Amino acid sequence: MTAQLIDGRKIAARLCEDVAAELHAAVTDGVPVALATISAGADSASQAYLRRIDRTAAVLGVSRQHKTLAGSATAADVVAAVRELNKDSAVSGILVLRPLPRGVDEATVFAALDPRKDVEAVHPENAGMLALGAPRYIPSTAAAVFHVLDSWLDATGQDPARFYRRARIVVVGRSNNVGKPAVSLAFAKQAAVTSVDEWASVDNQLGAYTRRADVLIVAAGVPELIRAEHVRAGAVVIDVGINVIESTPRIVGDVALDEIVDRARAVTPVPGGVGPVTDIWLMRNTVLAARNLRLAAERESRAS
């Protein structure tokens, strides 16, 4: 068996057409659409992501602005930047890039976001709505994972509802922006779901979980964590990892692709898998946020 490489760029191109139409409709209706990002320090992976965001925004014509904070920024500094963007009526979506500087509590920063501008659904209100199965926004990477998987199911002639009800999905990684939302989305698909993180590998237990997976979603942020011995023959492997190897330099995923390509049924490569779809979905959320802000302003106007 040689795994099918799922072409994320092709899937992203089709999604881009849909989002371009949504953006055009918003602009035609006079709804301003703009994405603002905040970063602190010079983490190489977050800087690579920022460059991708800029390219995607330019292709679609989404307005952009960015705030760069020092690596020594405090929680108060980051929160102040967030609140400034909350007040900016030209900004419809805000994304805080990670990692944040040491000592800056993510939860404090996320709670400062305007929930309507929180396009990654990390504010407690949005995260709660997602967990309850009624999301305001679906975090872009987790959304991309299932959009890629749904697209592959469609391309291979499989019934998604039947597939998910029979599937065992294992999610490796428990981040607030990918791992946890992916679990919630898998629950919404009626799949059997297991959550585990890279610490299971310390006691050599990781494979005991991952080898059970029909669908293995890996978002641990550990270069090539998943090896051949971690993958059940015939599994579908979705690699979310984007790890910059400075010594080369090159970008690798959380999956050792060369090792699993003869075991998996299908796999997303890095780069060129989930990432391109993530970038487009972020723009979709930004357009949706612009619509939400306009509706909220209209309600407030009528109430006054």
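Scroll up to find the structure.
Cut-offs and rules
Residues numbered from 1 in each chain as written. Predicted model: local features only at pLDDT ≥ 70, side-chain atom pairs only at ≥ 80, totals over all residues. Heavy atoms only, no water. Pairing = 2+ DSSP bridges. Helix = DSSP H or I, 4+ residues; strand = E, 2+ residues; numbered from the N terminus. Salt bridge = Lys/Arg side-chain N within 4 Å of Asp/Glu carboxyl O. Buried < 20%, exposed > 50% of the residue type's maximum accessible area, 1.4 Å probe, protein only. Phe/Tyr/Trp six-rings, centres within 6.5 Å; stacked < 30°, edge-to-face > 60°. Lys NZ or Arg CZ within 6 Å of the ring centre and 35° of its normal.

### What to know about the sheet that holds strand β1 (residues 4–5)
Now for step 1: Across the sheet, which stays open at both edges, the 6 strands sit in the order β1-β11-β8-β7-β5-β6 with parallel pairing between neighbours. Both edges of this open sheet fall to β1 and β6 (192–196), since each of them pairs with a single strand only.
Now for step 2: In the sheet, strand β5 (residues 168–172) pairs with β6 via 5 bridges, with the strands oriented parallel. Paired with V172 across the two strands is V196, which belongs to β6.

### Details of the pattern of salt bridges
Now for step 1: In total, this model carries 15 salt bridges according to the counting rule given.
Now for step 2: Linking E125 and R136 is a salt bridge whose minimum nitrogen-to-oxygen distance equals 2.8 Å. Separated by 11 residues along the polypeptide, E125 in helix α5 (residues 124–131) and R136 in the loop between α5 and α6 (140–155) bring together distant segments of the chain.
Now for step 3: By relative accessible area, E125 is classed as partly exposed at 37%.
Now for step 4: Given a relative accessible area of 23%, R136 falls into the partly exposed group.
Now for step 5: Measuring nitrogen to oxygen at the nearest pair gives 4.0 Å for the salt bridge that ties R227 to E224.
Now for step 6: Salt bridges sharing partners connect three or more residues here, namely D114, R116 and E300.

### Description of the packing of aromatic side chains
Now for step 1: What the rule picks out here adds up to 2 aromatic pairs.
Now for step 2: Between F146 and Y164, the ring centres sit 6.2 Å apart and the planes meet at 45°, which makes this aromatic pair tilted. Placement of F146 in helix α6 and of Y164 in helix α7 (residues 160–166) is noted, with a sequence separation of 18 residues between them.
Now for step 3: For Y164, a relative accessible area of 1% puts it in the buried group.
Now for step 4: Cluster of aromatic residues (ring-pair linked, three or more members): F146, F163 and Y164.
Now for step 5: Directly above the ring of W281 sits R284, whose terminal nitrogen or CZ lies 5.0 Å from the centroid.

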